[in-house]
Amino acid sequence: MEMLFSTKGITICLLFFVLSLAAAIQIPLSVAQLPTITEQSKTQVAYPFDDDFAIKCEATGNPQPTFNWTKDGKPFDLLSDPRIIPFNNSGTFMIQNHGIMADFQGKYRCYASNALGTAMSEEIELIVPSIPKFPKEKIEPLDVDCGDSVVLHCNPPKGIPPLHIYWMNIDLQHIPQDARVSMSLKGDLYFANVEENDSRSDYCCFAAFPRLRTIVQKMPMTLRVTRFKHTNDSGSPNAAVTKANFIKERKPKLLIPPESSGISSLVTVIKGGVLLLECIAEGLPTPLLIWNRVGRDMPEDRAATENYGKVLKIGEVSAADEGTYLCTASNSVGSVKHEFRVHVEDQKTRRERSRDSTKASDGISVRKPPQWVKKPVSNVYSVGSNLVLFCQAIGNPEPTIKWKLNGMPIDGRTYRGQILPREISLINLQLQDSAVYQCEATNKHGTILATANVNVINVSPVVLTPEGEDYATVVGYSAFLHCKVFASPPPVIRWVREDSTQSLEGLRYAVYENGSLEIKETMKEDSGLYTCWVTNSVGKGAVNANLDIRDATKIAVTPKNPQVLKSHSVLLKCLSEYDPHLKHSFKLSWRKDGDELQINSTEDGRIIADMDTVFISSVTMEDQGIYTCVASTSLDRVTAESQLIVLDIPDPPAALHLSEKQDRSVRLSWRAGDSHNSPINESIIEFEENRWEPGKWQELTRIQGNDTTAVLSLAPFINYHFRVISVNAVGRSRASEPSARYETPPAAPDKNPENIRVEASQPNEMIMKWEPLKPVERNGPGLEYKVSWRQQGVETDWNEELVKKHSLPLGNTPTFVPYEIKVQAVNSLGSGPEPNVTTGYSGEDIPDAAPSSVMVEVLNSTLVKAMWSRIPRDRVRGRLRGYKVIWWKTRSLLDGKRHHPEKHFLTFIGDRNHGMIPGLEPFSEFHLTVLAFNGKGDGPESSPIMFHTPEGVPEQPHFLRILNFDKDSVTLSWGLPKKSNGFLTGYNLQYQIINETDEIGPLSDVNITNPSTFSWRLSNLSSSTKYKFYVSACTMKGCGKPATEEGLTITDGTYAGIYEGISTQGWFIGLMCAIALLTLLLLTVCFVKRNKGGKYSVKEKEDLHPDPEAQSIKDEIFGEYSDSDEKPLKGSLQSINGDIKATESADSLVDYGEGDHGMFNEDGSFIGAYSGSKEKGSVESTGSSTATFPLHA
């Protein structure tokens, strides 16, 4: 893990730190030291188009070194030529290009010297290239027959690489190349076979040297292609061509590699380099080149063919690319092959192999310039120590080793040490032994130089680390405090804490050779001041350092490893916690599978990484992977991961296979598709057959789990196609491709028809019907149905008939008589199993008897109970459906007026003998009859009986108006109720004070006993007070709901009546018109909703105008209500079949019929309206005033 610990932003990796321990000792420039060459030029080319050329030589040392040069081993004065410009305090010089540079070509060497010694550079060769040229030569024309192979050689001149070769004509047009004509890697032009149109006299090879900015042309070459004609052929020219081509046709022959190389060749390539294998063949027809790798696949991402398939190129070669590659050239006549055995080696292996062997396997000497095996190493030595330097090199021929001291050959007679070819030694070093030693290895192929500075120094410690350096790290990490020092002899280094002389020791502390202190697994308590003490025999030194310990950064990614459906969205959030001191350096970034996610949006806008969040919309399978949040500060770096798992429906199954084929079964196997991270939990097997319903896929079975094989049960006489659909938690896959077809042989039916029933529309007929067999249940051709029937309870033989349809009508049957019926499936191969017996009835007729003993019990002014005796079962002549109660009003008991009879009825389902008749008009005379009905229709009605309804409460008065308002009195006027529902006994007048704060005063009553009184004056009212007035009409049964009005009394001298004073104002007239219009619109909407069956709250209406007679009727049930046309009205209830659930009050609804004209709420209240005469009573209010009750304080 990377560890960041400097407040100055210095990043130190532990790996780099350990490597620094092994680095060469760096001597501070403040200490006297030998010169050291720090920079020098390598071999340099003086290009003619460059303005100048720099030859570099830089060196350090104390004292500052001086420089001088040699050229070709002789002293070279930089001031000898005005074109040379030397640099100050440097060995580097510049040569200006004035056109003639040949004099400067040679080998240069730089010497840097000071009082302690001389350093010498390696040889620097300056090459002044000449312009490459093709030799002037006369190239003879090349005459060949049509179909021959030809090679035109380029042989380009030598020059500074790179080299590019082109084949063009004299007009600089490229020679067309293809599979027949192409250029080799060396630049020669190859013709696999020539054609007549290849004849031309200007084949030119151009060699381009980009670094020299030069292109040179070879002399044009002439190629003449003649048509071959057999000497004995006297036929037409076309015949000659045909015969010539036949003679020239030949199998391929390899030109590269040549046949002389055999059938295989060895190719060595450096790891990381580019492998180029070339195969060029001649032949007629033109050979086709194909490359293969023996035993393995080609690396598709790095392998490609070039030059019309003649070159195989593999980039970034790795050890895995080692092996045998096969080139095959083939045409219609034959083929030829060549194997390339490729060996991959790295640079180190190649160097070691070159060092260990200087001869080829065939014993031929290999030319090799010198290479280092061991080089002398620079170092710092203290007085009295010993010196040993090694120098070893290899090459062919073996290099000669020469030692030099300060650039000069060592004189063994005066040198007090020992000199050997590969070693030099010196004991008891003194200050004056400081020198630069050079080791030079030379053979005829080259020279190499190695330099070692021997610095003999005696100096007290020099601390190189700045004083008071600030360091920081986070809790749990290691902290490194540096104490870089130079001293000779080597110093003793120890670290102490502030106000302590005790050296830091223990498992948590480590002091390295370079003086650095490591504190492992730091804690907050490790913060503070530290001192590094450095001591040797010459002197001592010290440096202080400050250490701060910060809190470690912590992060977490939520949600952790989410599973997301494909095409859905996901939001990843990185929660972080870090030390406040590190706020300015804190950074968050995201990576997916190790690659960085950019902060801005992606091109399609689906993935947006924004600081601490990553939002992915419309997730795809490519989005799944490991998302890593990376949090970094100047001191630490932490990561947190979350694996995004994308769920999708499975891929469709594949490779369907049929086995174990039997008459009634087959085994189906398949290969499951990718489950896309959601295990397959079910496989749906479907089939299609081409005889009965071709093209229609039907489900056959389902296989639970992830099994990929199943034995399928099959039906006879079916030509099956199968397909499989995989199911996981996400959904169903697409269907697989169909399997091969499999046809089962026919057989007798396995089952008989189901749902056998009898239908009849006439009393003396019977139609037997059944569900026909499905196509897959027929089992064979010629399907028919054998129908058997007989009257139940009669000893007689079965009647039988074969039919192809799935019904059989019978006539002249007795009315509603039970029959036993059997239906059996039969086909050309036999009959199905013995069928079951089903009982059915012949046709019904209407009942021929009416209910008797009809009675009526009056319960209140709007509700009666009808009772009757059931008709005998044999008179029903069918299945009894229920009874209908019919009633009609004949006259009003109030005025004795006769009414045109308008009949209504209620239906009571089932075999019963009573029912409740609600919603009648009070104080009226009615007639009532009862009939029974079955599936065929209604039977005769009973004799009508008469009954009367008692008085009820009146409806609200038609209106209530305020005629006059005084200071303390008011005059009220009202109208008769629309329906009095009995003899009026008077009116009940009530009033109370109201105001804008919803506070109400006590209710006052005035009982008016004269029913002819329609106005009343109230006195002793409060002035300037708002009142609400209520008037209701009364009978002996009670008072009905009131009409209401509001008004305001006036103050002294002021009139404030509701209908006077302001009634003449224009704004008031407009307001009243608007109110009237809105009221009309509201009434219209309510009327439309009511006629559409809109539901109204019965409870609210009962609260507004309670009927004292209706309060006890809570436990009866209602039936169907209809007028004499038996047509249901809008808003009526549907028939109740006896399956009605109990209400919350456990009220029974059995005693009420089902009516088409009436609607009743769950508590039994009637809220429908009759469709008869407008004189009929209705519970609905028709008064013009607001129907509300007094407000009780």
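Up top is the structure.
Below or above, wherever it landed, is the structure these notes cover. Only a predicted model underlies this, so the values are computations on that prediction, with no experimental measurement involved.

Residue position: R293 is located in strand β24 (residues 288-293). For the buried residue R293, which engages in no salt bridge, the nearest side chain bearing the opposite charge is D321, 4.4 Å off. At 2.5 Å, the side chain of R293 and the backbone oxygen of A320 are in polar contact. The residues touching R293, leaving out its near neighbours within four places in the chain, are M298, P299, A320, D321, E322, T324 and Y325.

Strand order in the open sheet formed by three strands is β72-β73-β76, and the pairing between neighbours is antiparallel. Each of the sheet's edge strands pairs with one partner strand only, and the pair in question is β72 (852-858) and β76 (914-917). Taken over all neighbouring pairs, the strand axes of this sheet differ in orientation by 20 degrees on average, direction set aside.

Another point: the pattern of salt bridges. Any two side chains of opposite charge can pair if their charged atoms end up close together. Within the structure shown, the criterion is met by 50 salt bridges. The shortest N-O distance in the salt bridge between E306 and K313 comes to 3.8 Å. Residue E306 is classed as partly exposed on the basis of its relative accessible area of 36%. Accessibility expressed as a relative area gives 32% for K313, which makes it partly exposed. Residues R1017 and D966 are paired through a salt bridge, measuring 2.6 Å at the closest nitrogen-oxygen approach. One end of the pair, R1017, is in strand β83 (residues 1015-1018); the other, D966, is in the loop between β79 (960-965) and β80 (970-974), with 51 residues separating them in the sequence. A single network of salt bridges, built from pairs that share partners, joins R757, E759, K769 and E771.

Moving on to the sheet that holds strand β27 (residues 323-330). Here we have four strands laid out as an open sheet, ordered β21-β28-β27-β24, and mixed in their pairing. A strand with exactly one partner marks an edge of an open sheet, and here the two such strands are β21 (264-270) and β24. With strand direction ignored, the average angle separating the axes of adjacent strands in the sheet is 25 degrees. One ladder, built from six bridges, connects β24 with β27; its direction is antiparallel. If you follow W291 over to β27, its bridge partner there is C327.

The rules we used
- Starting from 1, residues in each chain are numbered consecutively following that chain's sequence as written.
- Reporting in this predicted model follows two pLDDT cut-offs: at least 70 for local features of residues, and 80 or more for side-chain atom pairs to be given and counted; totals over whole chains, interfaces and linings ignore these cut-offs and use all residues.
- As a convention, hydrogens and water are excluded, and side-chain values are obtained from all of the structure's heavy atoms.
- A run of H or I in DSSP counts as a helix once it spans at least four residues, and a run of E counts as a strand once it spans at least two, with each numbered from the N terminus.
- Buried means the residue's accessible area, taken with a 1.4 Å probe over protein chains only, is under 20% of the maximum for its type, while exposed means over 50%, and partly exposed covers the values in between.
- In this charge count, Lys and Arg are treated as positive and Asp and Glu as negative; neither His nor the chain ends contribute.
- Take a side-chain nitrogen of Lys or Arg and a carboxyl oxygen of Asp or Glu: if they are within 4 Å of each other, that pair is a salt bridge.
- The term polar contact refers here to a pair of N or O atoms within 3.5 Å; inside protein, the definition further demands a hydrogen-donor-capable atom paired with an acceptor-capable atom, and it admits residues adjacent in sequence only when both atoms are side-chain atoms.
- By definition in these notes, contact holds between two residues if any of their heavy atoms fall within 4.5 Å.
- Should DSSP find at least two bridges between two strands, the strands are taken to pair.
- Here an axis means a line fitted to C-alpha atoms, over the contact stretch when the element is a helix, while the angle between two N-to-C directions is reported on a 0 to 180 degree scale.

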